[in-house]
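An overview of the molecular structure
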2 protein chains.
Amino acid sequence: MSPAPFAHLPCPVAHALDVLGERWSLLILRDALTGVRRFADFERSLGIAKNILSARLKSLVENGVLERRPSKSDAREVEYRLTDKGRDLVTVVVALAQWGARWESPAGTAPRFFNRHTGAQLALLQLRDVDGALLRLSDIGYEAPSAAASAAA
Amino acid sequence: MSPAPFAHLPCPVAHALDVLGERWSLLILRDALTGVRRFADFERSLGIAKNILSARLKSLVENGVLERRPSKSDAREVEYRLTDKGRDLVTVVVALAQWGARWESPAGTAPRFFNRHTGAQLALLQLRDVDGALLRLSDIGYEAPSAAASAAA
DNA sequence: CAGTATCCCTCAAGATACTG
DNA sequence: CAGTATCTTGAGGGATACTG
């Protein structure tokens, strides 16, 4: 996200991308969400260079998505664990995974998230109204900040 | 996505990011999902340089996410419209928006998606089992391709 | 309006060597 | 194991001028 951060754009997607927009960030997050915690494991799992991994982990820690701390079992080891903020990204990662599996991965080759108690697949993420009704894209509007906060006041 | 594409990684998130991982792609998608169709409108809305916008639109068209075609109302104008594949990204964009609004945007300043018939907010995207039960992160497993396809066969 | 054509610059990313 | 230190590269991105 070097040249010009998106922070000035009045858009939560932009703000999210200022934290996650770099090439490796969401993949690191995917690993973290599936239980990876150690530097060397991220490295192996992703095939990422050490310096890049180091930089990305640092930025994710700075942004409060991961927490860095010594392992409980062995104080010499370091663990990167998800914060609540990081854990909350599971919908983003799963949404990407579901889209990727459907449209970009050769059928049957993609790993999948599943319910570890039953083995069942996750339901597709879908847009719903607060009352639970399914929404189509055409039902959805996007409310500018001025129209929302300002006009409401 | 220059140096080394993620295509070789056995991960649908990686494959999705090969299409969407560049800085502007998801923001362009957000615009497209909220009805933006013309080059100049993307340009104004995002404050993106023309050459970059041109390149991103081209790549999104190549990847089947957008479709480029003359406007129906004025054949001299060009429109970029979402394909089904592109429309299917709404969950990704909304997931990012919800996360960004919650964790990165100053309270109340972020635009929001809403039900345009009722004005109600969208429900938070949440992970559910096929039967509709809410799932927590700890309930979720991630199944490697070998363990899935190979072992199943 | 919807782009192309240039030029420039920075930084993400890669490779490798080294350290506590 | 978990990084830091360097060096290099090449693409992504920005600005501006120009065109059908």
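Placed above this text is the structure.
Attention here is on the structure that accompanies the text.

About the cut-offs
Residues numbered from 1 in each chain as written. Chains lettered and ligands numbered in written order. Predicted model: local features only at pLDDT ≥ 70, side-chain atom pairs only at ≥ 80, totals over all residues. Heavy atoms only, no water. Least-squares fit on C-alpha atoms with pLDDT ≥ 70 in both. Contact = heavy atoms within 4.5 Å. Helix = DSSP H or I, 4+ residues; strand = E, 2+ residues; numbered from the N terminus. Expected span 1.5 Å × (residues − 1). Buried < 20%, exposed > 50% of the residue type's maximum accessible area, 1.4 Å probe, protein only. 1 Å grid on protein atoms, 1.4 Å probe; cavity = no way out; pocket = protein on both sides within 12 Å on 5 of 7 lines; lining within 4 Å. Points joined across faces, edges and corners; volume = space filled by probe spheres on them. Buried area = accessible area lost by both parts, 1.4 Å probe. Salt bridge = Lys/Arg side-chain N within 4 Å of Asp/Glu carboxyl O. Polar contact = N/O pair within 3.5 Å; in protein donor to acceptor, adjacent residues only side chain to side chain. Nonpolar A, V, L, I, M, F, W, Y, C, P; charged D, E, K, R; others polar.

Digging into the relation of the copies chain A and chain B
With an RMSD of 0.0 Å, chain A superimposes on chain B once it is rotated by 180° and translated 0.0 Å along the axis. One copy is carried onto the other by what is essentially a two-fold rotation axis. Scanning chain A for the C-alpha nearest the rotation axis identifies Val 92 of chain A, at a separation of 2.9 Å. Of the interface residues in chain A, 100% have counterparts in chain B that sit at the interface too, so the contact is made through matching surfaces.

Observations regarding helix α6 (residues 90-103) of chain B
Along its 14 residues, α6 of chain B runs 20 Å from first to last C-alpha, staying within 8% of the 20 Å computed at 1.5 Å per residue. α6 of chain B sits mainly inside the fold: twelve of its 14 residues count as buried. Among the residues making up α6 of chain B, those that are buried are Val 90, Thr 91, Val 92, Val 93, Val 94, Ala 95, Leu 96, Ala 97, Gln 98, Trp 99, Gly 100 and Ala 101 of chain B. Packed against the buried residues of α6 of chain B are α1 (12-20), α5 (84-87) and α6 (90-103) of chain A together with α2 (25-33), α5 (84-87) and β3 (112-115) of chain B.

Here we look at the layout of surface pockets
Its boundaries defined by the atoms lining it, the largest pocket holds a volume of some 870 Å³. Taken together, 33 residues make up the lining of the largest pocket; nearest its centre are Arg 87, Asp 88 and Val 90 of chain A together with Arg 136 and Leu 137 of chain B. Mapped onto the lining of the largest pocket, the elements with two or more residues apiece are α2 (25-33), β2 (78-82), α5 and α6 of chain A together with α6 and β4 (140-143) of chain B. Ranked by the residues each element gives to the lining of the largest pocket, the list is headed by α6 of chain B, at five residues.

Re the interface of chain A and chain B
Taken together, the contacts link 81 residues of chain A with 82 residues of chain B. Summed over both partners, the interface of chain A with chain B buries about 7,200 Å², with 70% contributed by carbon and sulfur atoms. Counting every contact that joins chain A to chain B gives four salt bridges. Arg 102 of chain A is paired through a salt bridge with Asp 88 of chain B; the nearest N and O atoms lie 3.2 Å apart. Here chain A and chain B share 28 residue pairs in polar contact (both at pLDDT 80 or more) between them. Residue contributions to the side of chain A that touches chain B peak at 13 residues, all from α6 of chain A. The class makeup of the residues in the side of chain A that touches chain B is 49 nonpolar, 18 polar and 14 charged.

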